[in-house]
Amino acid sequence: MKLGIVGLPNVGKSTLFNSLTKAGAESANYPFCTIDPNVGVVAVPDERLDVLTKMYDSQSTVHAVIEFVDIAGLVKGASKGEGLGNQFLSHIRETDAIVHVVRCFEDGNIIHVDGSVDPVRDIETIDLELTFADLEVIEKRIAKGAKAATANKALAKEVDLLKKLKEMLENGKPARDYEPESPEEAELLASFCLLTSKPVIFAANVSEEDLADDGANNPHVQKVREFAARSGCGVFVISAQIEQELAELSDEEKKEFLNDLGAESSGLEKLISASYDLLGLMSFLTAGPKETRAWTIKKGTKAPQAAGKIHSDFERGFIRAEVVSYDKLIECGSYNAAREKGLVRSEGKEYVVEDGDVILFRFNV
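Predicted model only: the values in this text are computed from it and were never measured.

Rules and cut-offs
- Residues numbered from 1 in each chain as written.
- Predicted model: local features only at pLDDT ≥ 70, side-chain atom pairs only at ≥ 80, totals over all residues.
- Heavy atoms only, no water.
- Helix = DSSP H or I, 4+ residues; strand = E, 2+ residues; numbered from the N terminus.
- Rg over C-alpha atoms; globule rule 2.2 N^0.38 Å.
- Buried < 20%, exposed > 50% of the residue type's maximum accessible area, 1.4 Å probe, protein only.
- Contact = heavy atoms within 4.5 Å.
- Areas by Shrake-Rupley, 256 points an atom, 1.4 Å probe, with all protein chains shown as cover.
- Lys, Arg positive; Asp, Glu negative; His and termini not counted.
- Charge placed at Lys NZ, Arg CZ, Asp CG, Glu CD.
- 1 Å grid on protein atoms, 1.4 Å probe; cavity = no way out; pocket = protein on both sides within 12 Å on 5 of 7 lines; lining within 4 Å.
- Points joined across faces, edges and corners; volume = space filled by probe spheres on them.
- Nonpolar A, V, L, I, M, F, W, Y, C, P; charged D, E, K, R; others polar.
- Phe/Tyr/Trp six-rings, centres within 6.5 Å; stacked < 30°, edge-to-face > 60°.
- Lys NZ or Arg CZ within 6 Å of the ring centre and 35° of its normal.
- Pairing = 2+ DSSP bridges.
- Axes fitted to C-alpha atoms, helices over the stretch in contact; angles between N-to-C directions.
- Right-handed = clockwise from strand over helix to strand, strands pointing away.
- Parallel < 35°, antiparallel > 145°, perpendicular 65-115°, else oblique.
- Core = buried A, V, L, I, M, F, W, Y, C linked by side-chain atoms within 4.5 Å.
- Salt bridge = Lys/Arg side-chain N within 4 Å of Asp/Glu carboxyl O.

Of regular secondary structure, the protein chain possesses 13 helices and twelve strands. Computed over C-alpha atoms, the radius of gyration of the protein chain comes to 23 Å, within 12% of the 21 Å expected from 2.2 N^0.38 for 365 residues, which places it in the range of a compact globule. Here the C-alpha coordinates of the protein chain stretch approximately 65 × 65 × 35 Å along the principal axes. Counting every position in the protein chain, which comprises 365 residues, the buried fraction comes to 48%. Here the contacts in the protein chain between residues at least 6 apart in sequence split such that 68% fall between residues at least 24 apart. Within the structure as shown, the protein chain displays about 18100 Å² of accessible surface, and the carbon and sulfur contribution to it stands at 48%. Between the centroid of the 42 positive side chains of the protein chain and the centroid of its 61 negative side chains there is a distance of 8 Å.

If you want it as structure tokens, here you go:
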């Protein structure tokens, strides 16, 4: 999974990126300190892997990963060349979703580019710039394909779809609101890599005081939640400053710190949960003496396609999947004990994999 981080300057974007990835992106109290897109890869925390690693005495443990891409803060007029953000929008066109960091804290020592904290205004500013950037891409593609479309049916369909999207964007609707008329059209839409076609998760960045109650008494957070509900976007509350402090602690120290704050989970865990929910993702697990590993798939994926995540030969030569739920396996204490109790199931090609399934694939190529 690849997530692009966007936001106005000085909303805590790069501070959040640093804390999530420990990649050391520059962070300073002035706009445009991020002048190159920063990329960091983060392992998805999953305690189930640690338990299975001990059970199977695995040589290695491989977590699912998320790649974060952080670009310079966008400002009003970015699509026309204002600021530095527009130079780097291309870097987030290949992401699966956008994490939009929104400032929901008051601090006179940290400059706001528009002079005051207003999360909905800030969201609309970014949305407008992403829309303008998409319109530029669409108009170029229409101009390039219009002449040849008369003699090329496939190109004609592409131009027709681009014109529909152009009209949507000009009417203030994002491309993600477009409902494809066929799987082929959905595939074509995805190939455009439009910024406004991507799912969005709002990261409401609050002060330490607002973290314990998840921003329930913060009016800025309430406005973000209302906006997210209207637009079908995800939202979670985070304190980038606290995440920065957590990044320096051990796992045990993190738990103690979060308990002292009255917070149930870290910002990274909240972001992963929100991302998986928004994108309809989950994980199945494989375990053995050599390796215990988590594999990320779409909800509703059938066994052969899940096997294909491991290797294309597994899907091509799929015979069956031997499946036991993680919870049942742990209750039994071992794979053999689960098998003796009849909890290891033999599933065929139509089996829909569930989150936490521990699977051994049988195949023949």
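Moving on, there is more to tell.
With that out of the way, let us pick up unusual backbone geometry. Residue Asp57 is not a glycine yet carries a positive backbone phi of 50°. You can see Asp57 is positioned in the loop between α2 (47–56) and β3 (60–62). With a phi angle near 55°, Asp214 is a residue other than glycine that sits in the positive phi range. Following the sequence through the fold, Asp214 ends up in the loop between β6 (200–205) and α6 (219–231). With relative accessibility at 32%, the residue Asp214 sits in the partly exposed group.

Computed from the structure, the largest pocket encloses a volume of approximately 960 Å³. For the largest pocket, the lining is made up of 34 residues, of which Pro45, Asp46, Ser266, Leu268 and Glu269 are closest to its centre. At the level of secondary structure, the elements contributing two or more residues to the lining of the largest pocket comprise α1 (13–21), β2 (38–43), α2, α7 (240–246), α8 (251–261), α9 (267–279) and β8 (281–287). Class assignment for the residues of the lining of the largest pocket results in 14 nonpolar, six polar and 14 charged.

Inspection of every chain in the model, using the stated rule, returns five aromatic pairs. Three or more aromatic residues joined by ring pairs make a cluster, and in this case those are Phe284, Trp295, Phe318 and Phe361. The ring of Trp295 has Arg293 sitting right over it, with the charged end atom 4.2 Å from the ring centre.

Pairing is mixed in the open sheet, where six strands are placed in the order β2-β4-β1-β5-β6-β7. Across the chains shown, the open sheet's two edge strands, defined by having one partner strand only, are β2 and β7 (234–238). When strand polarity is set aside, the average angle formed by the axes of neighbouring strands in this sheet is 25°. Sheet topology places strand β1 (residues 2–6) next to strand β5 (residues 97–103); four bridges connect them, and they run parallel. Bridge pairing in β5 places Ile5 opposite Val99. Where helix α3 (residues 119–149) meets the sheet, its contacts fall on β1, β5 and β6, and the angle it forms with β5 comes to roughly 145°. The strands touched by α6 are β5, β6 and β7; relative to β7, the strand with the most contacts, the crossing angle is about 160°.

Turning our eyes to something else, we now look at the pairing of β7. With four of its five residues buried, β7 lies for the most part within the structure. Looking at chain direction, β6 and β7 are connected through five bridges and run parallel. Bridging from a neighbouring strand, Ala204 pairs with Val237 of β7. Handedness of the β-α-β unit built from β6, α6 and β7 comes out right-handed.

Attention shifts here to the packing of α3 against α6. The interhelical angle for the contact between α3 and α6, taken along N-to-C directions, is 45°, at an axis separation of 9 Å. Considering the angle they form, α3 stands oblique to α6. Listed contacts from α6 to Pro119, Val120, Ile123, Glu124 and Asp127 of α3 are His220, Lys223, Val224 and Phe227. Tallied by class, residues from the contact of α3 with α6 come to five nonpolar, one polar and three charged.

In terms of nonpolar packing, the biggest core is built from 72 residues, with Phe68, Phe202, Leu271 and Leu329 touching the most fellow members. Here the element with the most residues in this core is α9; it accounts for six residues. Residue contacts for Phe202: discarding those within four places in its chain leaves His100, Val102, Ile123, Val224, Phe227, Ala228, Ser231, Cys233, Gly234, Val235 and Phe236.

Attention shifts here to the pattern of salt bridges. If you walk through the whole model with that rule in mind, you get 20 salt bridges. Note that Glu67 is salt-bridged to Lys2, the shortest N-O span being 3.6 Å. Of the two residues, Glu67 sits in strand β4 (residues 65–70) while Lys2 sits in strand β1, which places them 65 residues apart along the sequence. In this structure Glu67 comes out as partly exposed when scored by relative accessible area, which is 27%. Classification of Lys2 as partly exposed rests on a relative accessible area of 23%. For Arg48, the salt bridge identified is with Asp46, shortest N-O distance 3.0 Å. The pair formed by Arg48 and Asp46 is uniform in burial state, with each residue classed as buried. Ionic contacts of the salt-bridge type, sharing partners, join the residues Arg320, Glu322, Arg339 and Arg362 into one network.

Purely spatial values, then, with no claim about function.
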